[in-house]
Amino acid sequence: MPFSIVRDDIARVSADVLVNAANERLMEGGGVCGAIFAGAGRDRMSEACARIGGCPAGKAVTTPGFDLPCRWVVHAVGPVWRGGARGEKDLLRSCYRSAFSEAARLGASSVAFPLISAGVFGYPAHEALDVARAEAQAFLDAHPDVDATLVVFSRDVVAESVALIGELREFVDDAYVDASPFLRDRRR
């Protein structure tokens, strides 16, 4: 259940699946979405997304990775932040669950994902990190052979991620120990 946090342009990260922070129309946007489209080849990614037609907030769909260093792109649509009282947290959780579910369905051994909705959609970074941490833990618990990487771009999010990585590493260590057959043997 390897987990890491890196500061990079997600379009340069190698993984079986790259997760795009998409919009409901699956059209090229800015930030992560713009980088994904540019890295994949704008025309081919635009055509693939147009064939799908759209995706509601909280869900995810898949296209090929084209020229990106991945096999697939999972386009995950997060919520636009409207103050937090309109179900944004539930939609963001659903978005991550849908993205990770797609990665599992595809048989991916590695997935790199951004901090969804924390850019132009305005979700507060600290709250977005809490949701990303919880959903990554749940996914890795169910899929211990998958490498997961949270890819952040801005320096301020990296600073907030330091605490997150400590919490996640502690969880991962506990999960490994609890699952270890050697631990059970020593208890006998």
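Preceding this section is the structure that the text describes.
Model, not experiment: these values are computed from the prediction. (Residues numbered from 1 in each chain as written. Predicted model: local features only at pLDDT ≥ 70, side-chain atom pairs only at ≥ 80, totals over all residues. Heavy atoms only, no water.)

Remarks on the nonpolar core
Next up, step 1: With 32 residues, the main nonpolar core has Val-17, Val-19, Tyr-96, Val-111, Phe-113 and Leu-115 as its most contacted residues.
Next up, step 2: Those elements that place two or more of their residues in this core are β2 (17-22), β4 (72-77), α3 (88-106), β5 (110-114), α4 (125-142) and β6 (147-152).
Next up, step 3: No other element matches the eight residues that α4 contributes to this core.
Next up, step 4: Membership of the second largest hydrophobic core comes to 22 residues, among which are Ala-35, Cys-49, Cys-70 and Val-151. (Core = buried A, V, L, I, M, F, W, Y, C linked by side-chain atoms within 4.5 Å. Buried < 20%, exposed > 50% of the residue type's maximum accessible area, 1.4 Å probe, protein only. Helix = DSSP H or I, 4+ residues; strand = E, 2+ residues; numbered from the N terminus.)

Remarks on α3
Next up, step 1: For α3, built from 19 residues, the straight-helix expectation of 27 Å at 1.5 Å per residue is met to within 8% by its first-to-last C-alpha distance of 27 Å.
Next up, step 2: Those residues of α3 that fall on the buried side of the exposure criterion are Glu-88, Leu-92, Cys-95, Tyr-96, Ser-98, Ala-99, Phe-100, Glu-102, Ala-103 and Leu-106.
Next up, step 3: Contact partners of the buried residues in α3: β2, β3 (60-64), β4, β5 and α4.
Next up, step 4: Immediately beyond the C-terminal end of α3, within one or two residues, lies Gly-107, with a positive phi of roughly 75°. (Expected span 1.5 Å × (residues − 1). Contact = heavy atoms within 4.5 Å.)

Overview of the packing of aromatic side chains
Next up, step 1: This model, assessed by the stated rule, comprises five aromatic pairs.
Next up, step 2: Centre to centre, the rings of Phe-100 and Phe-113 are 5.2 Å apart; their planes meet at 90°, and the pair counts as edge-to-face. With Phe-100 in helix α3 and Phe-113 in strand β5, this residue pair connects regions lying 13 residues apart in the sequence. Considered together, Phe-100 and Phe-113 belong to a single accessibility category, that of buried residues.
Next up, step 3: Geometrically, the ring pair formed by Phe-100 and Phe-139 is stacked, given 4.5 Å between the ring centres and 15° between the ring planes. One end of the pair, Phe-100, is in helix α3; the other, Phe-139, is in helix α4, with 39 residues separating them in the sequence. The exposure classification of Phe-100 matches that of Phe-139, with both residues buried.
Next up, step 4: Three or more aromatic residues link up through ring pairs in this structure, and these residues are Tyr-96, Phe-100, Phe-113 and Phe-139. (Phe/Tyr/Trp six-rings, centres within 6.5 Å; stacked < 30°, edge-to-face > 60°.)

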